[in-house]
Amino acid sequence: MGNLYLLQFFKTVSSSWKKQYIKRYIAISGVFGGSVKSIRALVSGEIESIPRVFVDPDEVRSFQRTFQSIYWLLPKKQLWGKHEEIVFTPERNYTVYDFGKLLEDAGFPIGKDILKTLEGTTDIKDPGVDVYCIHGSNIETASQFRWGPKRFPDYQPEQIDGEGDGP
């Protein structure tokens, strides 16, 4: 999250300030393009590898949905194809352009309004400083989620991994 906050900060300061105080910016594992895992958090609750007997994902989901930062972490439209599906349910599939509908279908229609308040705030733009990014590669990373019949949105989905930079 720190990398995204820093990009927002760079939007608020002048070019002369950046030139005077920032020589370069080195981002380590910055999630500039978002994280598919944020989808699972908003839809079913993100409990990672904690067994359901210890943590109820439904309870976690209710407070995770109040975190503005979760919405900042949604995958960015600029990096995904308009028809590239990343969420699969028995009723329909969703792309990054369908997040409002996804949240509505997951029983959280106010999520669509929250998304509207953030439009333009997480755009990937030149921050006005030299940026160096350090990432891993060739690491299986969540790239899609599939909910089976009668599992959406109240159960954890099957995670479909792709080539990425970390778990």
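If you're wondering where the values come from, they're calculated on a predicted model, not measured in any experiment.

A word on the overall build of the protein chain
Piece 1. When its secondary structure is counted, the protein chain shows seven helices and six strands.
Piece 2. Secondary structure elements of the protein chain occur, N-terminal to C-terminal, as α-α-β-α-α-α-β-β-α-α-β-β-β.
Piece 3. What you see for the protein chain is a C-alpha radius of gyration of 17 Å, in line with the 15 Å of a compact globule of 167 residues.
Piece 4. Dimensions of the protein chain, computed from the C-alpha atoms along their principal axes, are close to 55 × 35 × 35 Å.
Piece 5. Across the 167 residues that make up the protein chain, the buried fraction comes to 41%.

Regarding the packing of helix H3 (residues 37–44) against helix H4 (residues 57–64)
Piece 1. Packing of H3 against H4 brings their axes to within 7 Å, and their N-to-C directions diverge by 105 degrees. Accordingly, the angle class assigned to the pair H3 and H4 is roughly perpendicular. Of the residues in H4, those touching H3 at Ala-41, Leu-42, Val-43 and Ser-44 are Pro-57, Arg-61 and Gln-64.
Piece 2. For the contact of H3 with H4, the class distribution of residues is four nonpolar, two polar and one charged.

Observations regarding the side chain of Lys-76
Piece 1. Note on placement: Lys-76 falls in the loop between helix H5 (68–72) and strand S2 (87–88).
Piece 2. Residue Lys-76 is classed as buried on the basis of its relative accessible area, which comes to 4%.
Piece 3. Engagement of the side chain of Lys-76 in a polar contact is seen with the backbone oxygen of Trp-72, the distance being 2.5 Å.
Piece 4. Each residue touching Lys-76, except ones within four places of it in the same chain, is listed here: Phe-32, Gly-33, Gly-34, Thr-122 and Ile-124.

Remarks on the pattern of salt bridges
Piece 1. Scanning the entire structure with this criterion turns up seven salt bridges.
Piece 2. Note that Lys-101 and Glu-104 form a salt bridge whose closest N and O atoms lie 3.7 Å from each other. Linking Lys-101 with Glu-104, this pair stays in helix H6 (residues 99–105), spanning three residues, or about one helical turn.
Piece 3. Using a relative accessible area of 32% as the deciding quantity, one classes Glu-104 as partly exposed.
Piece 4. Across the salt bridge formed by Glu-158 and Arg-146, the nearest N and O atoms sit 4.0 Å from each other. Of the two residues, Glu-158 is situated in strand S6 (residues 158–164) and Arg-146 in strand S5 (residues 139–146); the sequence distance between them amounts to twelve residues.

Some points on empty space enclosed by the protein
Piece 1. One pass over the structure, following the stated rule, counts one cavity of 30 Å³ or more.
Piece 2. Around the largest cavity, the lining residues are Ile-39, Leu-42, Val-43, Leu-74, Phe-99, Leu-102 and Leu-103.
Piece 3. Among the secondary structure elements, those contributing two or more residues to the lining of the largest cavity are H3 and H6.
Piece 4. Within the lining of the largest cavity, the residues separate by chemical class into seven nonpolar, no polar and no charged.

Looking at the nonpolar core
Piece 1. Ile-39, Tyr-71, Phe-99 and Leu-102 are the most contacted members of the largest nonpolar core, which has 33 residues in total.
Piece 2. The element best represented in this core is H3, accounting for four residues.
Piece 3. Non-local contacts of Tyr-71, meaning those with residues more than four positions away in its chain, are made with Leu-42, Arg-65, Leu-103, Phe-108, Gly-111, Ile-114, Leu-115 and Leu-118.

Each value, and the rule that gives it
- Residues numbered from 1 in each chain as written.
- Predicted model: local features only at pLDDT ≥ 70, side-chain atom pairs only at ≥ 80, totals over all residues.
- Heavy atoms only, no water.
- Helix = DSSP H or I, 4+ residues; strand = E, 2+ residues; numbered from the N terminus.
- Rg over C-alpha atoms; globule rule 2.2 N^0.38 Å.
- Buried < 20%, exposed > 50% of the residue type's maximum accessible area, 1.4 Å probe, protein only.
- Axes fitted to C-alpha atoms, helices over the stretch in contact; angles between N-to-C directions.
- Parallel < 35°, antiparallel > 145°, perpendicular 65-115°, else oblique.
- Contact = heavy atoms within 4.5 Å.
- Nonpolar A, V, L, I, M, F, W, Y, C, P; charged D, E, K, R; others polar.
- Polar contact = N/O pair within 3.5 Å; in protein donor to acceptor, adjacent residues only side chain to side chain.
- Salt bridge = Lys/Arg side-chain N within 4 Å of Asp/Glu carboxyl O.
- 1 Å grid on protein atoms, 1.4 Å probe; cavity = no way out; pocket = protein on both sides within 12 Å on 5 of 7 lines; lining within 4 Å.
- Points joined across faces, edges and corners; volume = space filled by probe spheres on them.
- Core = buried A, V, L, I, M, F, W, Y, C linked by side-chain atoms within 4.5 Å.

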